[in-house]
Amino acid sequence: MATRAGAGAAVAGAAVVAVLSAALVLYGPPLDAVLNRAFPLHTARSVTDMEAALQLVRNVVPPLAAWQHKGQAGRIGVVGGCPEYTGAPYFAAISALKVGADLSHVFSTQDAAPVIKSYSPELIVHPVLDSPSAVQDVEKWLPRLHALVVGPGLGRDDALLENVKGILEASKARGIPIVIDADGLWLVAQQPALIQGYQKAVLTPNHMEFSRLAEAVLGDALDGRDRCRAVLSLSRALGNVTVVQKGEQDVISDGEQVLTCSQEGSSRRCGGQGDLLSGSLGILAHWALLAGPEKTNGSGPLLVAAFGACALTRQCARQAFQKHGRATTTTDMITELGPAFSRLFETSAGADGGAAPTGELRL
Ligand SMILES: NC(=O)C1=CN([C@@H]2O[C@H](COP(=O)(O)OP(=O)(O)OC[C@H]3O[C@@H](n4cnc5c(N)ncnc54)[C@H](OP(=O)(O)O)[C@@H]3O)[C@@H](O)[C@H]2O)[C@@H](O)CC1
Ligand SMILES: Nc1ncnc2c1ncn2[C@@H]1O[C@H](COP(=O)(O)OP(=O)(O)OP(=O)(O)O)[C@@H](O)[C@H]1O
Ligand SMILES: [Mg+2]
């Protein structure tokens, strides 16, 4: 597989990936067989594989065209923001805008709303999340939203989480793509049935959040296990919900394929980088689903969107760190979203200096 993909063109490599993946689904071999027999796990994949994955992301990015009206490039909603955490929903919502969404809404608690508004005039902020009519208040916006990002800065207040449960149910009923992060993952770990089998959901756990989810769903935190196996297992157990395990490398699976992203990032671990990722993924998920599987060469659109968000976040981290070093914060990374996006997805990779993106593509 590595040899064939490495020898072929980028798109041909992706096609091989898709075909093998389809075969695996058809015959439904056990997880170990998928990872060991077909794809030796510790074989580094070629840059061609990484480039193939980036090319699939490029394929789903809509062109900027004069005929488009406001809203067509995407309207995203972020559900989060409570008195303790106002930065996280801001980071997620502004990232969605800067990746290319036309409108970005935040549904937060009443107290948090004016604070979030004060960070940016570009966000539309609804102070509804702790209202008794929260579900209806958000539901009336759902027909106008293309994707939801649930969890950044949500907190763990029971009444708030109950409202979010209602919002998740209403969004699922409408078939809206949902990225679940941070405290949204806390809620899913309490009630995995909320998201079980909903294949338009993407979960973006960090190390701790992944352990909690695995414990809740599989009865085993899977700590110290091979990460590709662990992420594939969790995705399958959730009924092919896409899972992105963030870390030194990001591991992504939709239960059929496993991608790893090791795009160079930075060693700064300041808070908020995951929020940037989940907001970016909100808009990329919409674009990928809109583009459809023919544009992603048979790979799952959400798998491709997640790979794009991971590569983008890490590229932002790298560029920001080059300028600010140890002082780098998530705000500096957000400033890099435009240039990083251009570099990865709008120009040929590696054309403007710096190393070509590196990473691995695995099934
Ligand atoms: N500016 C803002 O408003 C921001 C707000 N945010 C918001 O905060 C809320 C809570 O989110 P969260 O991520 O802090 O919660 P949670 O999952 O309990 O993790 C905390 C615990 O996990 C551990 N830990 C974490 N990573 C680990 C690793 N790689 N490897 C090992 N351990 C690891 C770590 O353990 P420790 O190091 O303390 O022992 C820590 O105790 C949520 O709403 C989020 O959106 C953030 O988005 C940031 C910006
Ligand atoms: N050890 C690491 N080396 C390089 N990049 C990393 C490392 N750990 C995480 N990242 C990157 O940082 C980004 C955020 O991941 P992280 O695990 O910090 O999320 P998080 O804890 O949810 O962040 P947040 O503070 O927003 O809640 C991801 O793009 C991930 O690839
Ligand atoms: Mg987080």
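Since this is a predicted model, take the numbers as computed values, not measurements.

Draft legend 1. A look at helix H8 (residues 158-173). Here H8 contains 16 residues, and its C-alpha end-to-end distance of 23 Å stays within 8% of the 22 Å for a straight helix at 1.5 Å per residue. For H8, the complete set of buried residues consists of Leu160, Leu161, Asn163, Val164, Ile167, Leu168, Ala170, Ser171 and Lys172. Two or three places before alanine 159, at the start of H8, stands the capping residue aspartate 157, its side-chain oxygen 3.2 Å from that residue's backbone nitrogen. In the segment just after H8, glycine 175 is the residue with positive phi, at about 70°.

Draft legend 2. Looking closely at the site of ligand 2. Surveying the vicinity of ligand 2 reveals 15 residues, the closest of which are Lys246, Asp250, Gly272, Gly274 and Arg314. In this structure, an oxygen atom belonging to ligand 2 sits 2.6 Å away from a side-chain N or O atom of lysine 246. One of the backbone nitrogen or oxygen atoms of aspartate 275 is found 3.1 Å away from an oxygen atom of ligand 2. Expressed as a share of its isolated accessible area of 620 Å², the protein-covered part of ligand 2 is 79%. Broken down by element, the shell around ligand 2 gets its largest block of residues, four residues, from helix H12 (residues 273-291). Of the residues in the shell around ligand 2, the class split is one nonpolar, eight polar and six charged.

Draft legend 3. A look at the site of ligand 1. The local shell around ligand 1 holds 17 residues, among which Ala88, Gly153, Asp183, Arg212 and Asp275 are the closest. A distance of 3.3 Å separates an oxygen atom of ligand 1 from a polar atom in the backbone of glycine 87. For ligand 1, an oxygen atom lies 3.2 Å from a polar atom in the side chain of arginine 156. Here ligand 1, which alone exposes 920 Å², has 52% of that area covered by the protein. No other element matches helix H10 (residues 207-218), which puts four residues into the shell around ligand 1. Considered class by class, the residues forming the shell around ligand 1 number seven nonpolar, five polar and five charged.

Draft legend 4. Focus on the side chain of lysine 246. Turning to its location among the elements, lysine 246 is positioned in the loop between strand S7 (242-245) and strand S8 (250-253). A distance of 3.1 Å separates the side chain of lysine 246 from the backbone oxygen of threonine 204, its partner in a polar contact. In contact with lysine 246, other than residues within four places in its own chain, are Asp181, Thr204, Pro205, Asn206, His207, Glu209, Arg227, Gly274 and Leu277.

Draft legend 5. Structural context of the nonpolar core. Among the nonpolar cores identified, the biggest contains 61 residues, and Val99, Leu123, Ile252, Leu281, Phe307 and Leu312 are the most heavily contacted of them. The element that contributes the greatest number of residues to this core is helix H13 (residues 301-324), accounting for 13 residues. For leucine 123, the residues in contact, after removing those within four places along its chain, are Tyr90, Ala93, Ile94, Leu97, Ser104, Val106 and Ile116. Counting 44 residues, the second largest nonpolar core, distinct from the first, contains Leu148, Leu160, Leu194 and Cys228.

Draft legend 6. Geometry of the UniProt feature "binding site: (6S)-NADPHX" (unreviewed entry) in the chain. On the UniProt side, "binding site: (6S)-NADPHX" (unreviewed entry) is annotated at positions that read Gly153, Asn206, His207, Met208, Glu209, Phe210, Ser211, Arg212 and Asp275 here. Tracing the sequence through the fold places arginine 212 in helix H10. Apart from residues no more than four positions distant in its own chain, arginine 212 is found in contact with Arg156, Trp186 and Ala189. As for its placement among the helices and strands, aspartate 275 is situated in helix H12. We classify aspartate 275 as buried; its relative accessible area is 11%. If we skip the residues at most four places from it in the chain, aspartate 275 touches Ala88, Phe91, Ala92, Pro152 and Asp181.

Rules behind the numbers
- Residues numbered from 1 in each chain as written.
- Chains lettered and ligands numbered in written order.
- Predicted model: local features only at pLDDT ≥ 70, side-chain atom pairs only at ≥ 80, totals over all residues.
- Heavy atoms only, no water.
- Helix = DSSP H or I, 4+ residues; strand = E, 2+ residues; numbered from the N terminus.
- Expected span 1.5 Å × (residues − 1).
- Buried < 20%, exposed > 50% of the residue type's maximum accessible area, 1.4 Å probe, protein only.
- Polar contact = N/O pair within 3.5 Å; in protein donor to acceptor, adjacent residues only side chain to side chain.
- Near = heavy atom within 4 Å.
- Areas by Shrake-Rupley, 256 points an atom, 1.4 Å probe, with all protein chains shown as cover.
- Nonpolar A, V, L, I, M, F, W, Y, C, P; charged D, E, K, R; others polar.
- Contact = heavy atoms within 4.5 Å.
- Core = buried A, V, L, I, M, F, W, Y, C linked by side-chain atoms within 4.5 Å.
- UniProt positions renumbered as here; feature names shortened; annotations may be inferred.

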